[in-house]
Amino acid sequence: MIYLDYAATSPTRACAIDAMNDVMRHAWGNPSSIHEEGARAKAVLEDARERIAAILGCRPSEILFTSGGTESDSTALFSAAQAGRRAGRRHIVSSAIEHHAVLRPLERLAANGFDVTFLPPDRDGAISADAVRDALREDTCLVSVMTANNETGVIQPVREIGMLCRARGILFHTDAVQTAGHLPTLPAEIGCDTLAASAHKFGGPRGTGFLYVRRGASLIPLLLGGNQERERRAGTENVAAIAGMAAALEESVRAMHDEAERLAALRDRLIAGLLAIPRSVLNGHPANRLPNNVNVSFEGVEGEPLILLLDERGIRASSGAACSAGALEPSHVLTAMGQPPALAVGSLRLTLGEDTDEDAVRQTVDAVRDVVARLRSQSPDWQAKTAGERAFLLP
Ligand SMILES: Cc1ncc(COP(=O)(O)O)c(C=O)c1O
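All values reported here derive from a predicted model rather than from experimental measurement. (Residues numbered from 1 in each chain as written. Predicted model: local features only at pLDDT ≥ 70, side-chain atom pairs only at ≥ 80, totals over all residues. Heavy atoms only, no water.)

### Digging into the overall build of the protein
We count it as follows: Every helix listed is a DSSP run of H or I at least four residues long, and every strand listed is a run of E at least two residues long, numbered separately from the N terminus. The atom set for the radius of gyration is the C-alpha atoms, and the globule formula is 2.2 Å times the number of residues raised to the power 0.38. Exposed residues in this analysis have more than 50% of their type's maximum accessible area, buried residues have under 20%, and partly exposed residues fall in between, with area computed by a 1.4 Å probe over protein chains only. Only heavy atoms enter the contact rule, under which two residues are in contact if any of them lie within 4.5 Å. Per-residue accessibility takes into account occlusion by the displayed protein chains alone, with areas from the Shrake-Rupley method and a 1.4 Å probe.
When its secondary structure is counted, the protein shows 15 helices and 12 strands. Its C-alpha radius of gyration of 22 Å places the protein within 12% of the 21 Å reference for a compact globule of 395 residues. Overall size of the protein, expressed as C-alpha extent along the three principal axes, is 75 × 50 × 30 Å. Expressed as a percentage of its 395 residues, the buried residues of the protein come to 55%. A separation threshold of at least 6 residues defines the contact pool for the protein, and within that pool the share at least 24 residues apart is 72%. With the model as given, the accessible surface of the protein reaches about 16,700 Å², and the carbon-plus-sulfur share is 52%.

### Some thoughts on the site of the ligand
Formally: We define proximity as follows: a residue is near a molecule or strand when any one of its heavy atoms falls within 4 Å of that partner. Side-chain atoms alone can form a polar contact between residues adjacent in sequence; in general such a contact is a pair of N or O atoms within 3.5 Å, and within protein one must be able to donate a hydrogen while the other accepts it. Residues are sorted three ways: Asp, Glu, Lys and Arg are charged, Ala, Val, Leu, Ile, Met, Phe, Trp, Tyr, Cys and Pro are nonpolar, and all the rest, Gly among them, are polar.
As a structural note, the neighbourhood of the ligand is formed by 15 residues, with Thr70, Asp175, Gln178, Ser198 and Lys201 the closest of them. In this structure, an oxygen atom belonging to the ligand sits 3.4 Å away from a side-chain N or O atom of His99. Residue His200 places a side-chain N or O atom 3.0 Å away from an oxygen atom belonging to the ligand. Here the ligand loses 88% of its free accessible area of 390 Å² to cover by the protein chains. Considering only residue class, the shell around the ligand consists of 4 nonpolar, 8 polar and 3 charged.

### A short note on the environment of Gly225
Mapped onto the fold, Gly225 is located in the loop between β8 (209–213) and α8 (228–231). Assessed through its relative accessible area of 61%, Gly225 is described here as exposed. Through-space distance from the C-alpha of Gly225 to that of Leu171 is 26 Å; in sequence the pair is 54 residues apart.

### Some remarks on the sheet that holds strand β9 (residues 280–282)
So the rule is basically this: Pairing between strands requires that DSSP locate at least two bridges from one strand to the other. All axes here are fitted lines through C-alpha atoms, helices being fitted over the stretch that makes contact, and every angle between N-to-C directions spans 0 to 180 degrees.
Spatial ordering of the open sheet is given by β9-β10-β12, a layout of 3 strands whose pairing is antiparallel. If you trace the sheet from one side to the other, it starts and ends with β9 and β12 (347–351), each paired once. Looking at each pair of strands side by side, their axes are set apart by 25° on average, direction ignored. Where β9 meets strand β10 (residues 293–298), 3 bridges bridge the pair, whose relative direction is antiparallel. Note on β10: the bridge partner recorded for Ser280 is Phe298. Sitting on the sheet, helix α10 (residues 256–275) is in contact with β9, β10 and β12, with an inclination near 5° to β10.

### Comments concerning the sheet that holds strand β7 (residues 194–198)
Taken in spatial order, the 7 strands line up as β2-β8-β7-β6-β5-β3-β4 in an open sheet, and their pairing is mixed. With partners counted over all chains shown, the strands left at the sheet margins are β2 (63–66) and β4 (115–119), one partner each. Each adjacent strand pair in this sheet contributes to an overall mean axis angle of 20°, direction not counted. Of the strand pairs in this sheet, strand β5 (residues 140–144) and strand β6 (residues 171–175) are connected by 3 bridges, and their pairing is parallel. Of the residues in β6, the one forming a bridge with Leu142 is Leu171. On top of the sheet, helix α6 (residues 158–168) reaches β5 and β6; it is set at about 160° to β6, its chief contact.

### Quick look at the nonpolar core
Note on soluble globular proteins: their nonpolar side chains tend to be buried together. Quick reminder of the rule: We call a set of buried Ala, Val, Leu, Ile, Met, Phe, Trp, Tyr and Cys residues a nonpolar core when their side-chain atoms join them within 4.5 Å.
Grouped together as the largest cluster of nonpolar side chains are 53 residues, with contacts concentrated most on Ile52, Leu56, Phe65, Val143, Phe172 and Phe210. Looking at which element gives the most residues to this core, the answer is helix α9 (residues 239–254), with 9 residues. Counting residues in each nonpolar core, the second largest holds 30 residues, with Ile271, Leu306, Ala317 and Val361 among its members.

### Topic: helix α14 (residues 358–377)
For clarity, the cut-off: One fewer than the residue count of a helix, multiplied by 1.5 Å, yields its expected span.
Here α14 is 20 residues long and its end C-alpha atoms lie 29 Å apart, about the 28 Å a rise of 1.5 Å per residue gives. Every buried residue of α14 is accounted for by Ala360, Val361, Thr364, Val365, Ala367, Val368, Val371, Val372, Leu375 and Arg376.

### As for helix α4 (residues 100–111)
Between its first and last C-alpha, α4 extends 16 Å over 12 residues, near the 16 Å set by a 1.5 Å rise per residue. All buried positions along α4 are accounted for by Ala101, Val102, Leu103, Pro105, Leu106 and Leu109. Its buried side turned inward, α4 meets α3 (69–86), β3 (91–95), β4, β5, β6 and α12 (332–336). Looking one or two places after α4, you find Gly113, whose phi comes out positive at around 100°.

### Things to note about the domain arrangement of the protein
Applicable threshold: Each domain's extent was defined by an automatic or database domain assignment. We define buried area as the total accessible area lost by two parts upon association, computed with a 1.4 Å probe and summed across both. We define a salt bridge as a side-chain nitrogen of Lys or Arg found within 4 Å of a carboxyl oxygen belonging to Asp or Glu.
In terms of domains, the protein is made up of domain 1 (14–253) and domain 2 (256–386). Taking the mean C-alpha position of each, domain 1 and domain 2 sit 29 Å from one another. If you look at the interface, domain 1 gives 27 residues, while domain 2 gives 23 residues. Approximately 2,100 Å² of surface area, both sides summed, lies buried where domain 1 meets domain 2, with 57% of it carried by carbon and sulfur atoms. Three residues stand out in domain 1 for area buried against domain 2, namely Arg123, Glu151 and Thr152, and they jointly supply 32% of the buried area on that side. Our enumeration of links across domain 1 and domain 2 arrives at 0 salt bridges. Along the contact surface separating domain 1 from domain 2 lie 12 residue pairs in polar contact (both at pLDDT 80 or more). Only α4 and α9 provide two or more residues apiece to the side of domain 1 that touches domain 2. Residues of the side of domain 1 that touches domain 2, tallied by class, amount to 10 nonpolar, 12 polar and 5 charged.

### What to know about the packing of helix α1 (residues 14–26) against α9
Put simply, the rule reads: Roughly parallel means an angle under 35 degrees; roughly antiparallel means over 145; roughly perpendicular covers 65 to 115; every other angle is labelled oblique. We call a crossing left-handed when the near helix sits turned anticlockwise from the far one by less than a right angle, and right-handed when that turn is clockwise.
At a minimum axis distance of 8 Å, the contact between α1 and α9 shows a crossing angle of 155°. The orientation of α1 relative to α9 falls into the category roughly antiparallel. Along this stretch, α1 crosses α9, giving a crossing that reads as right-handed. Of the residues in α9, those touching α1 at Cys15, Ala16, Ala19, Met20, Val23 and Met24 are Val239, Ala240, Ala241, Ala243, Gly244, Ala247, Ala248 and Glu251. Residues of the contact of α1 with α9, tallied by class, amount to 12 nonpolar, 1 polar and 1 charged.

Set out below in structure tokens:
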């Protein structure tokens, strides 16, 4: 099996499994209990918080544990919007290429009286900091732009955007789910007020994550109930998963620089191999993208059958975001980049990771070439184009 869907989720690291087992056996108490079992769990929780904060270069009190990227995003966005409303500011700037974990909450806010500007990316999939600056208004209360896109891997100019927001006193949230553990992701360097991350993208367990909340930034809780997480997120913490997340993040960050270099070389080889297939196009900037991301569209091929046939050959891939796989809508990211729907439904996302090697790249290129040829041979549209009855979209 060749796993090339690391952006959807990554295999759990052995160190994370060991840490989780250990907590479930020996520190299973409720960290809010004041007896010894509680104290033991509390110590694990605070140790994980300190280790994650050390990696982010922030204070432990700035780390809020959540159930993952989605909850972190919702918490940050609804909190900032509520604070904005109180101050009479109801304008939000974001981008059209955000993950649905950001888009859907913003759509909810738009339905509730907020004016949300969704900036389009350029053809290469990047949001421009100048466009953010031009979109800011007197009543802007929040800017939300991701560190890197989950479909194309394109890295966004979050530092510039952070500087702009800071200068104007506007809250800046960044969804760092795709970079945390993979590229330096330091809130102080980015200049954000809140930053979302998810453990399973860096070898931790699914269903846990964190939200960085800058000291001094107010946070209005999303979940109400007990007094956990300094009254900012109610609910008994998933101590085992949090311990697993801390171990996975440490291991991921330790290998980060070497791994980024190794993966970028494999990525470029994979891109070159796939683009040698006629009438194919790379989605997103060739260099300004995550070291592990390949996203290619093939004319005359739909994403879903492509993924299923690759799966039959033992290659795990995705078309667009994994979360929207199964839905035959063209990717909102590729559409926003100006890709015609016929190509936006045919995207293949391959995301590399620890287990990827040259052999996997070679086998994948061969398999994709075969599967694309097979699907094209069954496509009436492709046949009409080869017969010269219709024009090709791609050269
Ligand atoms: C950029 C981005 N944001 C948010 C999420 C949501 O994270 P989770 O599924 O862990 O809640 C994902 C997951 O794919 C993502 O890629």
